[in-house]
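Given next are the chains, with one letter for each unit.
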Amino acid sequence: MNDPRRALPSIHVLLELDGVRTLAEQVPRQVVAEAVRAAVAAARERPADAPSTDAEWSADITARLAARERPTLQPVLNATGVVLHTNLGRAPLAAAAINAIADTARGFSSLEYDMGAGARGSRHVHCAALLCELTGAEDALVVNNCAAALVLALNTLADGRDAIVSRGELVEIGGSFRVPDIMAKSGARLVEVGTTNRTHAEDYRRAISAQTGALVRVHRSNFTLDGFVAAVSPRDLAAIADAAKVPLLHDFGSGLMLDLSPWGLAGEPTARDAVADGASLVVMSGDKLLGGPQAGIILGRAAHVDALRRNPLARALRVDKLTLAALHATLRLYREPARALREIPALAMLTASAEWVRQRAAAVQAALAVHGVPARVVSTAATVGGGAFPSSRIPSWAVALDEQPAVVDQRLRDGERPVVGRIADGALLLDLRAVAPDDDRALTDALAAAVAGGSMPRGAVARGASEDGQEAPNDR
Ligand SMILES: *Cc1c(COP(=O)(O)O)cnc(C)c1O
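Residues numbered from 1 in each chain as written. Predicted model: local features only at pLDDT ≥ 70, side-chain atom pairs only at ≥ 80, totals over all residues. Heavy atoms only, no water.

The next thing to look at is the side chain of Gln410. Relative to the helices and strands, Gln410 is located in helix H18 (residues 405-414). With relative accessibility at 8%, the residue Gln410 sits in the buried group. A polar side-chain atom of Gln410 sits 2.8 Å from a polar atom in the side chain of Asp414. (Helix = DSSP H or I, 4+ residues; strand = E, 2+ residues; numbered from the N terminus. Buried < 20%, exposed > 50% of the residue type's maximum accessible area, 1.4 Å probe, protein only. Polar contact = N/O pair within 3.5 Å; in protein donor to acceptor, adjacent residues only side chain to side chain.)

Let us look at the site of the ligand. The full set of residues close to the ligand is Arg90, Asn145, Cys146, Ala147, Ile173, Phe177, His219, Ser221, Asp251, Gly253, Ser285 and Lys288. With respect to the ligand, the side chain of Asp251 contributes an N or O atom lying 2.6 Å from a nitrogen atom. Here the ligand loses 93% of its free accessible area of 380 Å² to cover by the protein chains. Of all the elements in the fold, those that place two or more residues in the shell around the ligand are helix H7 (146-158) and strand S9 (248-253). (Near = heavy atom within 4 Å. Areas by Shrake-Rupley, 256 points an atom, 1.4 Å probe, with all protein chains shown as cover.)

For the pair H7 and helix H12 (residues 302-310), interaxial distance at closest approach is 9 Å and the crossing angle is 105°. In terms of axis orientation, H7 runs roughly perpendicular to H12. For the pair H7 and H12, the contacting residues are Leu152, Ala153, Thr156 and Leu157 in the first and His304, Ala307 and Leu308 in the second. Among the residues forming the contact of H7 with H12, the class breakdown is 5 nonpolar, 2 polar and no charged. (Axes fitted to C-alpha atoms, helices over the stretch in contact; angles between N-to-C directions. Parallel < 35°, antiparallel > 145°, perpendicular 65-115°, else oblique. Contact = heavy atoms within 4.5 Å. Nonpolar A, V, L, I, M, F, W, Y, C, P; charged D, E, K, R; others polar.)

Turning next to the sheet that holds strand S10 (residues 281-285). Read from one edge to the other, the open sheet built from 7 strands follows the order S5-S11-S10-S9-S8-S6-S7, with strand pairing classed as mixed. The outermost strands of the open sheet, each flanked by one partner alone, are strand S5 (139-143) and strand S7 (189-193). Each strand of the sheet is rotated relative to its neighbour by a mean of 25°, with strand direction disregarded. When strand S6 (residues 162-166) meets S7, the two strands line up parallel, connected through 5 bridges. Looking across to S7, one finds that Ile164 is bridged to Val191. Where helix H6 (residues 128-135) meets the sheet, it contacts S5 and strand S11 (296-300), and its direction lies at approximately 120° from that of S5. Across the sheet, H7 touches S5, S6, S7, strand S8 (212-218), S9, S10 and S11, and the angle it forms with S10 is around 160°. (Pairing = 2+ DSSP bridges.)

Another aspect to go through is the nonpolar core. Counting 62 residues, the largest nonpolar core has Leu215, Leu289, Leu299, Leu331, Tyr334 and Val384 as its most contacted members. Three or more residues apiece are contributed to this core by two domains, here domain 2 (78-87 + 346-452) and domain 3 (94-336). Core analysis: the second largest hydrophobic core is formed by 33 residues, Leu152, Leu249, Val305 and Leu308 among them. (Core = buried A, V, L, I, M, F, W, Y, C linked by side-chain atoms within 4.5 Å. Domains from an automatic or database assignment.)

Before going further, it helps to spend a moment on the confidence of the model for the protein. Taken over all residues, the pLDDT of the protein has a mean of 92, while the share at 70 or more is 94%. Here residues 455-476 is modelled with pLDDT under 50, and outside its nearest four sequence neighbours on either side it reaches 37 contacts, counting other chains as well. (pLDDT = per-residue confidence, 0-100.)

Once that is clear, we can look at the packing of aromatic side chains. Summed over the entire model, instances satisfying the criterion amount to 0 aromatic pairs. The side chain of Arg360 reaches across the aromatic face of Trp356, ending 4.9 Å from its centre. (Phe/Tyr/Trp six-rings, centres within 6.5 Å; stacked < 30°, edge-to-face > 60°. Lys NZ or Arg CZ within 6 Å of the ring centre and 35° of its normal.)

This part takes up the environment of Ala119. By secondary structure assignment, the location of Ala119 is in strand S4 (residues 119-120). Look at Ala119 and you get partly exposed, because its relative accessible area is 34%. In this structure Ala119 touches Tyr113 and Asp114, once residues within four positions along its chain are discounted.

Turning our attention to the pairing of strand S13 (residues 394-401). The buried fraction of S13 is high, at 6 of 8 residues. Here 7 bridges tie strand S12 (residues 376-385) to S13, and the two strands are oriented antiparallel to one another. Along S13, the bridge assignment pairs Thr380 with Ser396. In this sheet, strand S16 (residues 427-431) lies alongside S13 in antiparallel orientation, the contact comprising 4 bridges.

This brings us to the pattern of salt bridges. Going through the model one piece at a time under the given rule, you end up with 29 salt bridges. A salt bridge links Glu34 to Arg68; the nearest nitrogen and oxygen atoms lie 3.9 Å apart. You can see Glu34 sitting in helix H3 (residues 29-45) and its partner Arg68 sitting in helix H4 (residues 54-69), a full 34 residues away along the chain. In this structure Glu34 comes out as partly exposed when scored by relative accessible area, which is 35%. Assessed through its relative accessible area of 44%, Arg68 is described here as partly exposed. A salt bridge links Asp439 to Arg417; the nearest nitrogen and oxygen atoms lie 3.8 Å apart. Within this pair, whereas Asp439 is found in the loop between S16 and helix H19 (440-452), its partner Arg417 is found in the loop between H18 and strand S14 (419-420), the two being separated by 22 residues in sequence. (Salt bridge = Lys/Arg side-chain N within 4 Å of Asp/Glu carboxyl O.)

For the rest of this paragraph, the subject is the environment of Asp203. Mapping Asp203 onto the fold places it in helix H9 (residues 201-207). When the C-alpha positions of Asp203 and Gly187 are compared, they lie 23 Å apart, and in sequence the two are 16 residues distant. Excluding anything up to four places from it in sequence, Asp203 contacts Val193, Gly194 and Arg198. At 2.8 Å, the side chain of Asp203 forms a polar contact with the backbone nitrogen of His200.

What follows covers the side chain of Lys288. Within the element layout of this structure, Lys288 appears in the loop between S10 and S11. In this structure Lys288 is buried but unpaired, with Asp287 as the nearest side chain of opposite charge at 6.6 Å. (Lys, Arg positive; Asp, Glu negative; His and termini not counted.)

Shown next, in the form of structure tokens:
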């Protein structure tokens, strides 16, 4: 009988191999046993690829264990050209924010302790004064994220009542955020007005009744409407809301704090503009253009913010101390706008000159040439990401690799220091705009290793390979 499965060694024998026994000094034995079982199962499934010598079995099991032990949440180099990439964790933090997190994490803190009074205090005080100073709001509150801020605001203003919103703003923002679904979960009754492309002041006025809890305005984020369109400006909507004595909730999304029009990013209001436009409450994210940690920031009139703070839901949506520490440190940088642009990585990346990005790409290309890796430097169009400035394209530059782009792309993602790029026109593009300058060297090393083929652990190969052993198509 010629069945190769007969030849597979037993789990017990493999566990006793020298190279495998030493693994049990680093991780529990049952974890090693799991990797051994996976190696045997893979060999049974694809006998042609099965290891044959003891050394091959050891190497296979070691690679499988390494792949299993690697955290699923790991630092990644963002070479996609999308700066605030939601799937890659949005904004990288400023050094000041990272230091604040470390200081707060190390020991105890005054999170809910009033040091002056020597008594219980509130976590809600920590960023409020700075947010008011920077945006002109009367009061401010920070919760877990912008979706939470929207739920809390709607539930407080319009639970069991009408929330009036334009049909042109019932958008889906990324995977699991649909404005109508979030509104429904908050307990508010969604009242749609206008049409997809045009909504007028009269549409809102006609819909307002004794049942109205709030008027709602939502930034469309990832998409734009062009052509025969009409919308009511936030300022005009605030006037309608004031006249009817109903609150206006403005979900403004991006958290833009500085005018970036000198860098070609024009047409979106800053947080200060949104507050000045007169909404009762403005909600925004902390980790988009603000460049801080994940957070939902609520700005607005004192009576409304106070009502939100008293809502029992605020307890369920509250923000943790590390976030507050990072947000406070980030906000402080905005007192000096030039410093914010320099030290907040997302802003530095968005405002870096194209020429500087090109020079860095050229330096990576030159370093790759030393490793014998051919690459081109190509001009690209980077984007902001995070739903902000959806139609803006930022001139940028990438290193392009032409040989086996899908294979190298897979190896880069599986590597020691994973890199995410993108495949376009048959080449693998590594855009330098969202790569921190300090990481150019790491990017170069990862590219050289991936092209040489040394960075892919054996266990990881199977993930990207299809039945016949060919690379799976890159579907991003
Ligand atoms: C991104 C965005 C949200 C969701 O923000 P999270 O902080 O991810 O919860 C909500 N509204 C708008 C307009 C957005 O752009």
